[in-house]
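Fold and geometry: a report
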Amino acid sequence: PPPPGVDPTRPASGTTRSIFDPDFRDGYAHNFNLNIQRQLGSLYLAEVAYVGSAGRQMMAKVDPNQAPPVVGVTNSNINRPYFGINPALTTLGQAKSIGHVDYNALLLKFQRRFANNFSFLNSYTWGKAIDINSDNDGTVSFINVYDIERMHRGPADYDVTHTFSSSTIYEVPWARNQWYGGWQLNGIVYLR
């Protein structure tokens with residue numbers, strides 16, 4: 001049989017995850033960097049860089065029907081803004097373009113070009129990622145939608161402050177020009 005029809009006279013109730021802010025805007029990001037490189041002799045290179053990005057108008061789920069905290073109220077549902085329309089109407093998951101994320105990092109690199117059977121590349125990153133909501137998988141995760149900046153802005157869940165990586169290549173000189181030669185030893189270290 002066909003599914004039941006929608007009854008427009010029935011009042012709204014329960015929870016929803018599918019309303020959009022009428023002023024919703026597409027998110028955007030700005031990326032920027034500044035690099036300074038210096039060659040040291042004929043084999044070595046040093047680099048210092050600043051890298052940053054700023055995402056704005058990112059999608060975040062809020063609840064326009066969230067009950068503000070009031071001391072002494074035993075049933076917080078009566079403080080919901082739309083309680084008077086229908087007491088059974090609870091969470092309204094609304095997509096708004098209020099999210100933002102900022103990333104700033106200092107990068108250091110020291111490299112030796114391949115010569116005399118050996119090369120290496122060392123790099124270190126000191127960075128900080130800040131947002132208002134790292135885990136926004138379709139549910140409302142804000143504790144207080146009335147003061148999002150003060151209550152939720154902070155280090156992102158994916159923030160990694162220190163990252164170090166080092167890679168080396170050493171070409172074994174043994175039997176280099178033979179059909180069974182051309183061996184290398186390689187190593188990679190990655191710490192975060």
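Residues numbered from 1 in each chain as written. Predicted model: local features only at pLDDT ≥ 70, side-chain atom pairs only at ≥ 80, totals over all residues. Heavy atoms only, no water.

1. Concerning the pattern of salt bridges
Formally: Put simply, a salt bridge is a Lys or Arg side-chain nitrogen that is within 4 Å of an Asp or Glu carboxyl oxygen. For every residue, the accessible area obtained with a 1.4 Å probe (protein chains only) is divided by the maximum for its type, and the residue is called buried under 20%, exposed over 50%, and partly exposed between those limits.
Throughout the structure, instances matching the rule amount to 8 salt bridges. Notably, a salt bridge pairs D147 with R150, separated by 2.7 Å at the nearest N-O pair. D147 gets classed as partly exposed once you look at its relative accessible area, which sits at 24%. Connected through shared salt-bridge partners, R56, D102 and R153 make up one network.

2. Some thoughts on the packing of aromatic side chains
Condition: Pairing of aromatic rings covers Phe, Tyr and Trp, the last through its six-membered ring, and needs centres within 6.5 Å; plane angles under 30 degrees mean stacked, over 60 mean edge-to-face, and all others mean tilted. Helix and strand definitions here come from DSSP, where helices need a minimum of 4 consecutive H or I residues and strands a minimum of 2 consecutive E residues; each element is numbered from the N-terminal end.
Scanning the entire structure with this criterion turns up 8 aromatic pairs. Relative to F110, the ring of Y44 lies with its centre 5.7 Å away and its plane at 5°, an arrangement referred to as stacked. Pair noted here: Y44 is in strand β3 (residues 44-62) and F110 is in strand β4 (residues 89-115), with a separation of 66 residues, a long-range link. For Y44, a relative accessible area of 29% puts it in the partly exposed group. With centroids separated by 5.6 Å and ring planes inclined at 45°, the aromatic side chains of F110 and F120 adopt a geometry described as tilted. Of the two residues, F110 is situated in strand β4 and F120 in strand β5 (residues 118-131); the sequence distance between them amounts to 10 residues.

3. Some thoughts on the pairing of strand β8 (residues 184-191)
Using the following cut-off: Note on pairing: DSSP must find at least two bridges between two strands before they are called paired.
Counting buried positions over the 8 residues of β8 gives 0, only a small fraction of the element. Pairing of strand β7 (residues 162-171) with β8 involves 8 bridges; the strand directions are antiparallel. Within β8, the position partnered with F164 by the bridge is L191.

4. Examining a nonpolar patch on the surface
Defined as follows: Each patch is assembled from residues with relative accessible area greater than 30% and no salt bridge, linking like charges that lie within 9 Å and nonpolar side chains (Val, Leu, Ile, Met, Phe, Trp, Tyr) that lie within 5 Å. Per-residue accessibility takes into account occlusion by the displayed protein chains alone, with areas from the Shrake-Rupley method and a 1.4 Å probe.
Taken together, the side chains of V48, L106, L108 and W126 define a hydrophobic patch exposed on the protein surface, amounting to about 340 Å² of accessible area. With respect to the helices, strands and loops of the structure, L108 is situated in strand β4.

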